[in-house]
Amino acid sequence: EAEVAQSPRYKITEKSQAVAFWCDPISGHATLYWYRQILGQGPELLVQFQDESVVDDSQLPKDRFSAERLKGVDSTLKIQPAELGDSAMYLCASSLTTGGSYEQYFGPGTRLTVT
Amino acid sequence: AQSVTQLDSQVPVFEEAPVELRCNYSSSVSVYLFWYVQYPNQGLQLLLKYLSGSTLVKGINGFEAEFNKSQTSFHLRKPSVHISDTAEYFCAVSGGDKIIFGKGTRLHILP
């Protein structure tokens, strides 16, 4: 069964350092999402791509976060510099196309700890 | 805009007993509704979804949910829980664009 791949699974970094996460969606899925999940909370959308274009990045802290999906396939989320409050689970998901009725398939996530 | 409220942050239940996890939503447009499950240190997995049609939706692992438009609810039920159902459960709503997740309900299965 096809799955969304994410790496690394765990990352510990010191504040003010740069960190990057990678996501490979299910083959053929045009829409890719990055979510942040703080412990004890539900996922919150950071950025949504349709192919290589950003559809929604309204909740992305653009002073320190950036995301790209250059060829419309895999994607990278970067934080520079990391802050203590960035400690969370970062989840990637993909769906066939955009639209709320389409099921989103989630990867296992990257747990980030900023010290 | 849409929002979703999960009324219980934690629900303890004895093994083989029935369980109901409550979810209420608000929206000014027609909605799609979802329940996802998250096991420890894993991503979310879709349990079931309501798009249209029958208000009783059956999902995986013996779960079902009922869409109640008048009460704006989408409660999740299982007639008999197993220890393997221990997880975090998220209700989610979409008005057609992005999905908004609730804060989650942690299901504790007591032996």
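Quick note: structure is the one above.
Once a new chain begins, its residue numbering starts again from 1 and follows that chain's sequence as written. Chain labels run from A onward and ligand labels from 1 onward, assigned in the order the entries are written. Where local features are concerned, this predicted model is filtered to residues with pLDDT of at least 70; where side-chain atom pairs are given and counted, the filter is 80 or more; whole-chain, interface and lining totals use all residues. The side-chain values count all of the structure's non-hydrogen atoms but skip hydrogen atoms and water molecules.

This part takes up the interface of chain A and chain B. What makes two residues a contact is simply this: any of their non-hydrogen atoms within 4.5 Å. On the chain B side, the residues contacting the 23 residues of chain A number 20 residues. Simply put, the buried area is the total loss of 1.4 Å probe accessible area from both parts when two parts are fitted together. Regarding the contact of chain A and chain B, the summed buried area is about 1600 Å², with carbon and sulfur atoms giving 52% of it. Ranking the residues of chain A by area buried against chain B places Gly100(A), Ser101(A) and Phe106(A) at the top, with a combined share of 28%. A side-chain nitrogen of Lys or Arg and a carboxyl oxygen of Asp or Glu constitute a salt bridge if their distance falls within 4 Å. For the interface between chain A and chain B, the tally reads one salt bridge. Residues adjacent in sequence count toward polar contacts only when both atoms are side-chain atoms; beyond that, a polar contact is any pair of N or O atoms within 3.5 Å, and within protein one must be able to donate a hydrogen and the other to accept it. Inspection of the chain A/chain B interface yields four residue pairs in polar contact (both at pLDDT 80 or more).

The subject of this paragraph is the pattern of salt bridges. Pairs can form between side chains of opposite charge whenever their charged atoms are close. All names here are of chain B. Taken as a whole and judged by the stated rule, the model has ten salt bridges over all chains. Across the pair Arg77 and Glu66 runs a salt bridge, and its minimum N-O distance is 3.6 Å. In this pair, Arg77 is assigned in strand β9 (residues 73-78) and Glu66 in strand β8 (residues 64-68), connecting sequence segments eleven residues apart. Close ionic contact of Lys78 with Asp85 constitutes a salt bridge, the shortest N to O distance being 2.8 Å. Each member of the pair, Lys78 as well as Asp85, carries the same accessibility label: buried. Working definition: helices are DSSP H or I runs of at least four residues, strands are E runs of at least two. Numbering for both runs from the N terminus. Only protein chains enter the accessibility calculation, which uses a 1.4 Å probe; a residue whose area is less than 20% of its type maximum is buried, one above 50% is exposed, and one in between is partly exposed.

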